[in-house]
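# Summary of structural features
Next come the chains, spelled out residue by residue.
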Amino acid sequence: MTEKLLQYLWNYKIFQNFDFKDIEGNSVEIISFGKWNKDAGPDFLDAKIKTNGLVIAGNIELHVRSSDWIFHNHSPDPNYQNIILHVVFQHDLEISEHTEKNVPTLELNKYIDESVIHKYEKFIDGNQFIACEKIFDCNKIPVHFHEGNILKKLDEKSLELEHNLSHHKNNFEAVLFHSLAYSFGLKVNAHIFRQIAESIDFSIINKIRQNHLQLEALFFGISGWLDIPLDGQMKIWKREFDFLTTKFMLSDLKLHPKFLRLRPPNFPTIRLSQLADLYNRHQNLFSKIISVRNADQLYEVFQPVKASEYWDCHFNFGAISKPTPKMLSKDFIDLLILNTVLPLKYTYHRYHNEEIADEILEFYTQITAEKNSVISGWKNLGFDIKNALESQSLIYHYKHSCEEKNCLTCSIGFKLLKES
């Protein structure tokens, strides 16, 4: 048994039964197994369990042995303070802090068939990109396959945005801010950046957005970076943050973005400074992006954005680096447009503009296709991917059909299997 395999079995819920009991014999109902986190931090995020009559939400950590919690030095790490369940293959050590916090430990070895372990070890070690790879044929792609995938993705995203709009009293500007923060955080810091954005009443952003220094100070202070200033600029940011804290009675909550596994241009310091510059430059950002009619006009909104002058010679606080302006790259702007701007435009117009679907699909054709491992996998199967309409469609299909092995509900799989 490996931790990777244990995570796989948990993610795909491959167990003999689900009558889970913790090591104390208490029933543990898994309401939500959580989202598999392949970056730093707990293995599964946003999970939900019911035990001892209580429903608890938080994160789940998996280990081969209970003692791995100590071996991996999770105790002092703030990222592991919201663990609601410790899942192990073998329980070999009582973790005192879990006992003190009433965090249950679930031992999985009796719920897993040994033959399943051998079968899935062989599967995981394989290098097959998709299940139908050996019989795949690009000519079997259905008509309007890409358009259909994009519209399904947009409809799913709209439901999420409409929920957020309802929570924030239909304030599109606030929801745009939260969504942009999520995108600026990229995969590693997306959730933390959204938490930072949502921890600030958007009326505060509106009141200080003409002051780039204060916007940066607000973001950096909430990130917990200004407690011990390392240079004169940090002292200025700290002074401004202390002033804002008093003026707006800000919470003392601190959220801690991650640096692990990030290239320096994607450090959260740089991205938060760029986010501050974006809102400093555009006083009516939502109105601007809603009114644009093509991708070139969207690029004009984002291309001038850069981190403040301090970051020309820094990637992190107090550490001098080679001078270079920290502008938004075209690839990053494409990401912002695809993940935030177009879904919000679609949501805003979908109920009173019958042509919005065609207009948004046209935007996708004007944007360059992404470059990542999933797109490389499709190209190796013979796809000539010309634009973001096709690349986004194939990424969506891979995540929702191929990764989940939903071959029998896949329009491509149906054709392949029928003719095979």
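Up top you'll find the structure we're talking about.
Keep in mind that what you see is a predicted model, and the values were worked out from it rather than measured.

Residues in a regular strand point their side chains to alternate faces of the sheet. Looking at chain direction, strand S1 (residues 28–32) and strand S3 (residues 44–51) are connected through four bridges and run antiparallel. Across the sheet, the residue bridging to Val28 is Thr51, located in S3. Across two bridges, strand S2 (residues 35–36) lies against S3 in antiparallel orientation. Bridge pairing in S3 places Trp36 opposite Phe44. Pairing between S3 and strand S4 (residues 54–65): six bridges, direction antiparallel. Pairing of Lys48 across the sheet is with Ala57, part of S4. Linking two consecutive strands that pair antiparallel, namely S3 and S4, is a turn of two residues; a positive phi of about 55° is found at Asn52 within it.

Quick look at the pattern of salt bridges now. Under the definition given, this model contains 12 salt bridges. Of the charged contacts, one joins Glu160 and Lys157 as a salt bridge, the two residues approaching to 3.6 Å between their closest N and O atoms. Taken as a pair, Glu160 and Lys157 lie in helix H5 (residues 145–167) at a separation of three residues, close to a single helical turn. Note on Glu160: relative accessible area 34%, which makes it partly exposed. Close ionic contact of Glu390 with Lys386 constitutes a salt bridge, the shortest N to O distance being 3.2 Å. Under the relative-accessibility criterion, Glu390 is labelled buried at 13%.

Under the 1.5 Å per step criterion, the end-to-end length of H5 is 34 Å for 23 residues, consistent within 8% with the ideal 33 Å. Considered for burial, the residues of H5 that qualify are Phe145, His146, Asn149, Ile150, Leu154, Ser158, Leu161, Asn164 and Leu165. Positive backbone phi, approximately 55°, marks Lys169, located one or two places after H5.

So, how was this worked out
Along each chain, residues carry numbers from 1 onward, in the same order as the chain's sequence is written. pLDDT decides what is reported in this predicted model: residues at 70 or higher carry local features, side-chain atom pairs at 80 or more are listed and counted, and totals for whole chains, interfaces and linings draw on all residues regardless. Think of the side-chain values as coming from all heavy atoms in the structure, minus any hydrogens and water. Pairs of strands are assigned from DSSP output, requiring at least two bridges between the strands. To qualify as a helix, a DSSP run of H or I must reach at least 4 residues; to qualify as a strand, a run of E must reach at least 2; elements of each kind are numbered from the N terminus. Every case where a carboxyl oxygen of Asp or Glu lies within 4 Å of a side-chain nitrogen of Lys or Arg is listed as a salt bridge. Here's how the labels work: a residue is buried when its accessible area is under 20% of the maximum for its type, exposed when over 50%, partly exposed in between, all with a 1.4 Å probe on protein chains only. Expected helix span is given by 1.5 Å per residue-to-residue step, counting one fewer step than there are residues.

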